[in-house]
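Here is what each chain is made of, one letter per residue.
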Amino acid sequence: MTTPRRALAGLATLGVLALVTPLAAQAPGITVDQPWARAAIQGGTGGAFLTIRNAGTQPDRLVGAATPLARSVEIHETVREGDVMRMRPVPGIPVPAGGSAELRPGGPHVMLVGLSEALRPGSRFPLTLTFERAGSVEVQVAVQAAGASAPAAGHRH
Ligand SMILES: [Cu+2]
């Protein structure tokens, strides 16, 4: 008597997957442009910057990020407190429907904390971005010089 019940449970699981998968696939409108980071030392912190475009009809949110190179990854915004610019963690960055969000030095960014290896100019590393609706998007982040303030000119559209 346990076998049919197990089979039913299996079918129920398949049914849930069938319902969930098309919903996830309906949010394909997220693209990530020009991911880049500043060079940083091993054991230090690094900032990653990129532009998120949402071609979909529903707003989305960047809610997390991960890379094998960092002990933890946070989403930060930059706020002015008097004369000082400070970074603070935020739970997410909204990406409006049909719009975009720019992560840049002096603004919102992805913070890599506890780098297991140095970020060397000219190298690349994988970064997985997690969106509330679109799910995970993996990008390759191009490392620029430590003082860079924008993606390399050759990569501009
Ligand atoms: Cu930061």
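Residues numbered from 1 in each chain as written. Predicted model: local features only at pLDDT ≥ 70, side-chain atom pairs only at ≥ 80, totals over all residues. Heavy atoms only, no water.

In the annotation of an unreviewed UniProt entry, the protein is listed under the name Copper chaperone PCu(A)C and assigned to Roseomonas populi.

Geometrically, a metal with four donors at the corners of a regular tetrahedron has ideal angles of 109.5 degrees, and one with six donors at the corners of a regular octahedron has ideal angles of 90 or 180 degrees. Those protein atoms acting as donors to the copper ion are His-76 (ND1), Met-87 (SD), His-109 (NE2) and Met-111 (SD), and they sit at 2.0 to 2.4 Å. For the copper ion, the four donor atoms are set out with angles of 88 to 122 degrees between them, so the coordination reads as tetrahedral. Written as a sequence motif, the donor residues of the copper ion are H-x10-M-x21-H-x1-M. Residue His-76 is found in strand E4 (residues 70–81), and its partner Met-111 is found in strand E8 (residues 109–115); the two are separated by 35 residues along the sequence. Across this residue pair, the class does not change: His-76 and Met-111 are buried. (Donors = N, O, S within 2.8 Å, 3.2 Å for Na, K, Ca; no water. Tetrahedral: all angles 85-135°; square planar, octahedral: opposite > 155°, others 65-115°. Helix = DSSP H or I, 4+ residues; strand = E, 2+ residues; numbered from the N terminus. Buried < 20%, exposed > 50% of the residue type's maximum accessible area, 1.4 Å probe, protein only.)

Our next topic: the environment of Glu-74. The topology assignment puts Glu-74 in strand E4. Judged by relative accessible area, Glu-74 falls into the partly exposed class, the value being 31%. Residues within four places of Glu-74 in sequence aside, it is in contact with Pro-89, His-109, Val-110, Met-111 and Val-113. Polar contacts involving the side chain of Glu-74 include one to the side chain of His-76, which spans 2.6 Å. (Contact = heavy atoms within 4.5 Å. Polar contact = N/O pair within 3.5 Å; in protein donor to acceptor, adjacent residues only side chain to side chain.)

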